[in-house]
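Below are the chains, spelled out letter by letter.
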Amino acid sequence: MPNVGVLLLCDITEEAIALLIDRFYLRIRRDPVLGPIFEAAITAEKWPEHLATMRRFWSSVMLASGRYCGNPVAVHGAVANLERPMFARWLTLFEETTRDLFAPDIALRFTTKAQRIAVSLQLALFRELGLPPVNALSSHGAA
């Protein structure tokens, strides 16, 4: 549904990224599929730190700010019960949030990056469709 009468953001700024992250993760936490995964991985007192990290990550991705340094593959590899189909749900919620906040061309820039990130993470975490994350295989003695 189009955002009739809603002023959409037309620039990618640190403030716009912060708004996107806050709204997106509010949706994530309320989602019946992803919410429990995130709540198990991030304790209540760690959420402010997680949101700050995600703001730095997206600032680096979209503004080339260099504010993020970390290892998304290792972080996601440590998440219990993470399954490949969850990435599609993550992308759906992200795309909905960008469409709610940004002019179409800016929303598309965010979602294009998010799609590439999701593909990269999936390639790093799953060797084939349907297999558990690589770290789950190694924790059971599989090579």
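Reading the values: the criteria
Residues numbered from 1 in each chain as written. Predicted model: local features only at pLDDT ≥ 70, side-chain atom pairs only at ≥ 80, totals over all residues. Heavy atoms only, no water. Core = buried A, V, L, I, M, F, W, Y, C linked by side-chain atoms within 4.5 Å. Buried < 20%, exposed > 50% of the residue type's maximum accessible area, 1.4 Å probe, protein only. Helix = DSSP H or I, 4+ residues; strand = E, 2+ residues; numbered from the N terminus. Contact = heavy atoms within 4.5 Å. Phe/Tyr/Trp six-rings, centres within 6.5 Å; stacked < 30°, edge-to-face > 60°. Expected span 1.5 Å × (residues − 1). Axes fitted to C-alpha atoms, helices over the stretch in contact; angles between N-to-C directions. Parallel < 35°, antiparallel > 145°, perpendicular 65-115°, else oblique. Nonpolar A, V, L, I, M, F, W, Y, C, P; charged D, E, K, R; others polar.

With that settled, the discussion passes to the nonpolar core. Judged by nonpolar contacts, the single largest core of 37 residues is most densely connected at Y25, W58, W90 and F110. The greatest single-element share of this core, amounting to eight residues, is contributed by helix α6 (residues 104-125). Non-local contacts of W90, meaning those with residues more than four positions away in its chain, are made with F24, Y25, I28, L34, F38, W58 and A114.

In total, this model carries 14 aromatic pairs according to the counting rule given. When the centroid spacing of 5.5 Å and the interplanar angle of 90° are considered together, the rings of F24 and W90 count as edge-to-face. Placement of the pair is F24 in helix α1 (residues 14-30) and W90 in helix α5 (residues 85-101), with a sequence separation of 66 residues. W90 matches F24 in its accessibility class, with the two residues each being buried. Among the aromatic residues, those joined into a cluster by ring pairs are F24, Y25, F38, W47, F57, W58, Y68, W90, F94, F102 and F110.

This paragraph deals with α1. The terminal C-alpha atoms of α1, which comprises 17 residues, lie 25 Å apart, in line with the 24 Å expected from a rise of 1.5 Å per residue. When we look at burial in α1, the residues that qualify are A16, I17, A18, L20, I21, F24, Y25 and I28. Buried residues belonging to α1 abut α2 (34-41), α3 (47-63), α5 and α6.

The subject of this paragraph is the packing of α2 against α5. Where α2 meets α5, the axes come as close as 11 Å, and the angle between the chain directions of the two elements is 100°. In terms of orientation, α2 lies roughly perpendicular with respect to α5. Where α2 approaches α5, its residues L34, I37 and F38 are matched on the opposing element by M86, R89, W90 and L93. Across the contact of α2 with α5, the residue classes tally to six nonpolar, no polar and one charged.

Interhelical geometry of α3 versus α6 gives an angle of 110° and a closest axis separation of 11 Å. One finds that α3 runs roughly perpendicular with respect to α6. For the pair α3 and α6, contact is made by F57, W58, V61 and M62 and by R109, F110, K113, A114 and I117, respectively. For the contact of α3 with α6, a count of residues per class yields seven nonpolar, no polar and two charged.

Attention shifts here to unusual backbone geometry. Unlike most non-glycine residues, A64 shows phi in positive territory, near 50°. Here A64 shows up in the loop between α3 and α4 (72-77). For A64, a relative accessible area of 67% gives the class exposed.

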